[in-house]
Amino acid sequence: MAKRIDVSGLSAFYGAHKAIEDISMTIEPRSVTAFIGPSGCGKSTFLRTLNRMHEVVPGGRVEGKVMLDDEDLYGPGIDPVSVRREVGMVFQRPNPFPTMSIYDNVAAGLRLNGSYKKSELDGVVEQSLRGANLWNEVKDRLNKPGSGLSGGQQQRLCIARATAVQPKVLLMDEPCSALDPISTLAIEDLIGELKEQYTIVIVTHNMQQAARVSDRTAFFNLEAIGRPGKLIEIDETERIFSNPSVQDTEDYISGRFG
Ligand SMILES: Nc1ncnc2c1ncn2[C@@H]1O[C@H](COP(=O)(O)OP(=O)(O)O)[C@@H](O)[C@H]1O
Ligand SMILES: [Mg+2]
């Protein structure tokens, strides 16, 4: 099957500090891949190399290759802004633009891309909010600030904002860690629906969540504090949680460290 993402030999640095080393993996379209591993092993760093957000950090630098379909994301002449349009991101803390209405939050990315007729924007906003399972809760208050929503609603608003520009890939960095259990389940259900259209990569420290939402799971680890994080193994989620190939994975998922 054609790969959506193909990473080879990827390392990422903060100044002189190598945070992750020599990571290679492929990710298929319309799948959910979970990244798990102890704090500090480089899950967030690796995620940000997939849409060129790592280099936004001063001193941030990447070696190796990331292919998105047949586009070399670090190749010459590639515009990082257009990469971030194709590879959207949802963060740990819901971060709707605080002064903007619900409508404007969802429309923001489109407005940056070009000019649209009001009717076109209306259509995309509704479709994106429906896609994020939020439409029915907000359709009567589209002009109210996004920051007035509950945490779980704000996170779904951020997902609607990310999908409004029709990315190929959605990256989610611990998207539920600031949410209550009910809101968390709503996001997990949504991930299951979104994967019919998008390729999803989610970092989670919650193993049950990884087991519930993902098709494949990647386990990252580091040999010692200060050493770079590495990909230990990636496999079908069922296999990682029942019969992983590497002892360190087994130890981590059975809670012996991390
Ligand atoms: N902005 C930053 N500047 C310098 N070092 C950082 C920065 N962000 C993360 N790091 C370092 O990179 C390593 C990996 O961190 P991170 O990717 O956040 O791990 P994880 O998401 O798995 O907890 C850690 O050693 C961390 O201290
Ligand atoms: Mg992290």
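Model, not experiment: these values are computed from the prediction. (Residues numbered from 1 in each chain as written. Chains lettered and ligands numbered in written order. Predicted model: local features only at pLDDT ≥ 70, side-chain atom pairs only at ≥ 80, totals over all residues. Heavy atoms only, no water.)

Participant: Where do I start with the overall build of the protein chain in this structure?
Facilitator: Along its length, the protein chain carries ten helices and ten strands. Computed over C-alpha atoms, the radius of gyration of the protein chain comes to 18 Å, within 12% of the 18 Å expected from 2.2 N^0.38 for 258 residues, which places it in the range of a compact globule. Principal axes of the C-alpha set define a box for the protein chain whose edges measure 55 × 45 × 35 Å. Intrachain contacts of the protein chain at a sequence separation of at least 6 include 66% that bridge at least 24 residues. Carbon and sulfur atoms form 49% of the exposed surface of the protein chain, whose accessible area is close to 12000 Å². Taken as two groups, the 29 positive and 34 negative side-chain charges of the protein chain have centres that lie 5 Å from each other. (Helix = DSSP H or I, 4+ residues; strand = E, 2+ residues; numbered from the N terminus. Rg over C-alpha atoms; globule rule 2.2 N^0.38 Å. Contact = heavy atoms within 4.5 Å. Areas by Shrake-Rupley, 256 points an atom, 1.4 Å probe, with all protein chains shown as cover. Lys, Arg positive; Asp, Glu negative; His and termini not counted. Charge placed at Lys NZ, Arg CZ, Asp CG, Glu CD.)

Participant: Could you clarify how one ought to interpret the packing of helix α3 (residues 102-113) against helix α4 (residues 118-131) in this entry?
Facilitator: To describe two helices that pack against each other, one gives the angle between their axes and the distance between the axes. It is the contact of α3 with α4, at a shortest axis distance of 9 Å, that shows an interaxial angle of 115°. It follows that α3 is roughly perpendicular to α4 by the angle criterion. Between α3 and α4 lies a crossing of right-handed hand. Where α3 abuts α4, its residues Ile102, Tyr103, Val106, Ala107, Leu110 and Arg111 lie against Lys118, Leu121, Asp122, Val124, Val125, Ser128 and Leu129. (Axes fitted to C-alpha atoms, helices over the stretch in contact; angles between N-to-C directions. Parallel < 35°, antiparallel > 145°, perpendicular 65-115°, else oblique. Left-handed = near helix turned anticlockwise from the far one by under 90°.)

Participant: Which parts of the structure should I look at to understand the site of ligand 1?
Facilitator: Around ligand 1 sit Tyr14, His17, Ala19, Pro38, Ser39, Gly40, Cys41, Gly42, Lys43, Ser44, Thr45 and Val57, and that is every residue in its neighbourhood. A distance of 2.8 Å separates an oxygen atom of ligand 1 from a polar atom in the side chain of Lys43. Contact distances for ligand 1 include 2.5 Å between an oxygen atom and a side-chain N or O atom of Thr45. The element best represented in the shell around ligand 1 is helix α1 (residues 43-49), accounting for three residues. Across the shell around ligand 1, the residue classes tally to five nonpolar, six polar and one charged. (Near = heavy atom within 4 Å. Polar contact = N/O pair within 3.5 Å; in protein donor to acceptor, adjacent residues only side chain to side chain. Nonpolar A, V, L, I, M, F, W, Y, C, P; charged D, E, K, R; others polar.)

Participant: Just checking my understanding: could you explain the side chain of Thr249 for this structure?
Facilitator: Relative to the elements of secondary structure, Thr249 occurs in helix α10 (residues 247-253). Ignoring anything within four residues of it in the chain, the contact list for Thr249 reads Phe219, Ile232, Glu233, Ile240 and Pro244.

Participant: Explain the layout of surface pockets here, please?
Facilitator: Remark: the empty space left among the atoms is shown by a probe the size of a water molecule rolled over them. Counted as a void, the largest pocket has a volume near 550 Å³. Lining the largest pocket are 19 residues; nearest its centre among them are Arg84, Phe97, Gly109, Leu112 and Arg161. For the lining of the largest pocket, the secondary-structure elements that each account for two or more residues are α2 (80-86), β6 (87-90), α3 and α6 (151-163). It is α3 that provides the largest number of residues to the lining of the largest pocket, a total of four residues. Here the second largest pocket defines a volume of roughly 170 Å³. Contributions of two or more residues to the lining of the second largest pocket are made by α4 and α7 (181-194). (1 Å grid on protein atoms, 1.4 Å probe; cavity = no way out; pocket = protein on both sides within 12 Å on 5 of 7 lines; lining within 4 Å. Points joined across faces, edges and corners; volume = space filled by probe spheres on them.)

Participant: Can you help me understand the packing of α6 against α7 in this one?
Facilitator: Orientation of α6 relative to α7, taken along the N-to-C sense of each, is 20°, at an axis distance of 9 Å. It follows that α6 is roughly parallel to α7 by the angle criterion. The hand of the α6/α7 crossing is right-handed. The segment α6 lies against α7, with Gly152, Gln155, Arg156, Ile159 and Thr163 engaging Ser183, Ala186, Ile187, Leu190 and Leu194.

Participant: Teacher, can you tell me more about the packing of aromatic side chains here?
Facilitator: Two aromatic rings, taken as a pair, are described by how far apart their centres are and by the angle between their planes. Under the criterion given, the structure shown has four aromatic pairs. Between Phe35 and Phe220, the aromatic rings sit 5.0 Å apart at their centres with planes inclined by 65°, giving edge-to-face as the arrangement. Of this pair, Phe35 sits in strand β3 (residues 32-36) while Phe220 sits in strand β9 (residues 216-222); the two residues are 185 residues apart in sequence, bridging distant segments of the chain. We classify Phe220 as buried; its relative accessible area is 0%. Every member of this aromatic cluster is reached through a ring pair, and the members are Phe35, Phe46 and Phe220. (Phe/Tyr/Trp six-rings, centres within 6.5 Å; stacked < 30°, edge-to-face > 60°. Buried < 20%, exposed > 50% of the residue type's maximum accessible area, 1.4 Å probe, protein only.)

Participant: Whenever I open this one, the state of the cysteines confuses me. Can you help?
Facilitator: Cysteine pairs can be covalently joined through their sulfur atoms, and such a bond is termed a disulfide. For the coordinates displayed, the defined rule picks out zero disulfides. With no disulfide of its own, Cys158 lies closest to Cys176 among cysteine sulfurs, the gap being 12 Å. Relative accessible area serves as the criterion here: at 4%, Cys158 is assigned to the buried category. (Disulfide = S-S within 2.5 Å.)

Participant: Can you help me understand the side chain of Arg4 in this one?
Facilitator: Considering the arrangement of structural elements, one finds Arg4 in the segment before β1 (5-14). Judged by relative accessible area, which is 17%, Arg4 ranks as buried.

Participant: Which parts of the structure should I look at to understand the nonpolar core?
Facilitator: Most often, soluble globular proteins keep nonpolar side chains buried together rather than apart. Judged by nonpolar contacts, the single largest core of 41 residues is most densely connected at Leu129, Ile159, Met172, Ile191, Leu194 and Ile200. Beyond its immediate chain neighbours, meaning those up to four positions away, Leu129 contacts Ile102, Val106, Leu134, Trp135, Val138, Leu142, Leu157 and Ala160. Counting residues in each nonpolar core, the second largest holds 27 residues, with Met25, Phe46, Leu50 and Met89 among its members. (Core = buried A, V, L, I, M, F, W, Y, C linked by side-chain atoms within 4.5 Å.)

So yeah, pure geometry; function would need other evidence.
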